Structures are given as structure tokens and as C-alpha cells.
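Structural overview
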Amino acid sequence: MDWFKRKDKNIQTDQRKEMPEGVWIKVPKTGETVHRREVEDNLWVDPLSGYHFRIGSEEYFSFLFDDGVFEEIGQEIVPTDPLNFEDRKKYSDRLEEYQEKTGHSDAVRVGVGTMNELEVVIGCMDFDFIGGSMGSVVGERLARAIDHAREHKVPLVIISQSGGARMMESVLSLMQMAKTSAKLAQLEEEGVPYISVLTNPTTGGVTASFAMLGDFNIAEPEALIGFAGPRVIRQTIGRDLPEDFQRSEYLLEHGFLDFITPRNQMKGELTKLLKILLHKFEE
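As the structure is a prediction and not an experimental result, all values here were calculated from the model.

Next up on the list: the confidence of the model for the protein. For the protein, the average pLDDT comes to 91, and 91% of its residues sit at 70 or higher. Here residues 11–20 is modelled with pLDDT under 50, and outside its nearest four sequence neighbours on either side it reaches two contacts, counting other chains as well.

For the rest of this paragraph, the subject is the sheet that holds strand 3 (residues 70–73). In space, the seven strands of this open sheet follow the order 3-4-5-6-7-8-9, with mixed pairing throughout. The open sheet is flanked by strand 3 and strand 9 (259–260), the only strands paired with a single partner. Across four bridges, the pairing between strand 7 (residues 194–202) and strand 8 (residues 216–219) is parallel. The residue bridging Ile-195 from the neighbouring strand is Phe-216, located in strand 8. Helix 2 (residues 57–64) rests against strand 3, strand 4 (108–115), strand 5 (118–125), strand 6 (156–162) and strand 7 of the sheet, and its axis sits at about 5° to strand 4. Contacts from helix 4 (residues 136–152) reach strand 3, strand 4, strand 5 and strand 6, with the element oriented near 25° to strand 4.

Backbone torsion omega between Asn-200 and Pro-201 reads -5°, so that peptide bond is classified as cis. Within the secondary structure layout, Pro-201 lies in strand 7. Phi is positive for Glu-222, close to 60°, though the residue is something other than glycine. Tracing the backbone through its elements, the reader meets Glu-222 in the loop between strand 8 and helix 7 (230–237). Accessibility expressed as a relative area gives 33% for Glu-222, which makes it partly exposed.

Further remarks concern the pattern of salt bridges. Tallied over the entire structure, the rule returns 14 salt bridges. The salt bridge partner of Glu-222 is Lys-29, with a shortest N-O separation of 3.0 Å. Taken together, the residues Glu-222 in the loop between strand 8 and helix 7 and Lys-29 in the loop between strand 1 (24–26) and strand 2 (33–35) connect sequence positions 193 residues apart.

Mapping Ser-133 onto the fold places it in the loop between strand 5 and helix 4. Within the structure, the side chain of Ser-133 is placed 2.9 Å from the backbone oxygen of Ile-130, a separation counted as a polar contact. Among the polar contacts listed, one links the side chain of Ser-133 to the side chain of Arg-166, at a separation of 2.8 Å. The residues contacting Ser-133, other than those within four sequence positions of it, are Ala-107, Val-138, Ser-162, Gly-164, Ala-165 and Arg-166.

Calculation notes
Residues numbered from 1 in each chain as written. Predicted model: local features only at pLDDT ≥ 70, side-chain atom pairs only at ≥ 80, totals over all residues. Heavy atoms only, no water. pLDDT = per-residue confidence, 0-100. Contact = heavy atoms within 4.5 Å. Pairing = 2+ DSSP bridges. Helix = DSSP H or I, 4+ residues; strand = E, 2+ residues; numbered from the N terminus. Axes fitted to C-alpha atoms, helices over the stretch in contact; angles between N-to-C directions. Buried < 20%, exposed > 50% of the residue type's maximum accessible area, 1.4 Å probe, protein only. Salt bridge = Lys/Arg side-chain N within 4 Å of Asp/Glu carboxyl O. Polar contact = N/O pair within 3.5 Å; in protein donor to acceptor, adjacent residues only side chain to side chain.

And the structure:
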């Protein structure tokens, strides 16, 4: 009696099961590959090298707000094309493309909820939407976030990741620098805490306005932070720049930042800082 019986007549050796796309991720810092699930479980930080992958508002909101629950405000404000701008394609077409690609209507979202049971307003930029560029919608949504924080005496956190002002809106974009800065001045007059979180990259007009105006300015490790890019500065001054110029660690050493906080410690660190500021405000 045969102890082994083949059910199928033929064994297919040329058909192998392909691994789903994106299961493994290459770490730019080391060149090594890690499993996507391992990185996701560590808040998109490589467990070995500590490299922080860029994430957006969806991911930040999921771990900063308690149970990922929040109420979004300002989503009714949507971008238009007031200048009928066109370069390689029409600005209106570009907006539709990125809205479909990212699922977001513009480059910032604002949520209201609790963080470790502390009520907070969080504005978070999305670099995947036209490089996180700051247009009139970004400025207006952040202005609404600041107004909500001021009126309800609720702490404000803004997470920045941007290439700067949105060129397709010209001066309308540049006006947002003054607008958000003026709103933050009103927030300061009311004594409401504001913490700015700078992630990779934070550059241009965003750095020159609200990103550097926090009661505390903190950053993720190795984030690129500056106004003009290193290449532009090098070509302008005609000199080589220091190693790791415009990275978080360099800026902390030279007094431009208060803290560098790894992503897996960010929620606790933000809560601690806000409680200190709120206690001072209540006194």
C-alpha cells in the first residue's frame, strides 16, 4: 500500500507566489531593507537606525489624538485658481490631480481632540500635497485653528513639513506668512500655549513664519530645516557648508531649536510641555 498519494497529476514548479508590493521598505539612511509592518508598528521609524520616514496628517493624528479620535475643522475651505496659473500644466488641473492622489483637499488638516486627556488643537501639513506648499487655504485653515485655540483657551500644536510658499498663488501665498504670524501674536496675547513641531523638511516661508514662532520649537531627528536650501546657499556665498548644516542637530546646537524629540516620544513630550505652559497660564 502506497503511504504517499499525489492528489494532482502535475506539480507546477514555475508558478510561485509573488510577495505583495511594498512589504519590504528600503531605509535611505542605511540602505538596509526592513519589513513594512515592523516600521508601521514603530510609528514609521526604523527600529535599528532610528531613521524617521516621512508621514502625513493621517498618521500623526492616529497616534497623537487619544484613540485617533478627533473632529476636523476648516475642511470646507478648498483651493481655487485665482490667477489662472499655468506652467507645465494648469494649476486647477494640478489641484485635482493631487486631491485624487492624496485624498486631501489641500496641504494641511486641522483636528480638535484630546491628547493624553488634554484638549488640544493640532494642525498638520501633508508634504505629499504639492510638497506641503503653503497657499491661501493652508494659511486660512491654520488661522481658523489659531482662532479656535484662542477662543476656547485650548493649546495649539502645528506640525510643519513644507517646501515653502506655493508659487502658483504668487503674492496670495506670501501673504499667509504675515497672516499666520499676526494670528499667533493674538494667541500669545491671550496666553494660550503654542508648540511648533518641525519635521523633514521644513523650509521656505513656513520656516520664516509660524514654524519658528512656538513657545517651544521642537523637531524630529535629522530633519532638514531652513529657509533657502543648502545648494542655493552654497552657490550664493561660494563656500562649503558645515557637515549636517540645517539638520535638527545642528540647529539645536546653535540655539534655533529647544528640543529634538523622537516620534515615539512625541505624544508624551508634547503633553508634558503643554501642562507646564498651562500651569503657568493658570497662575
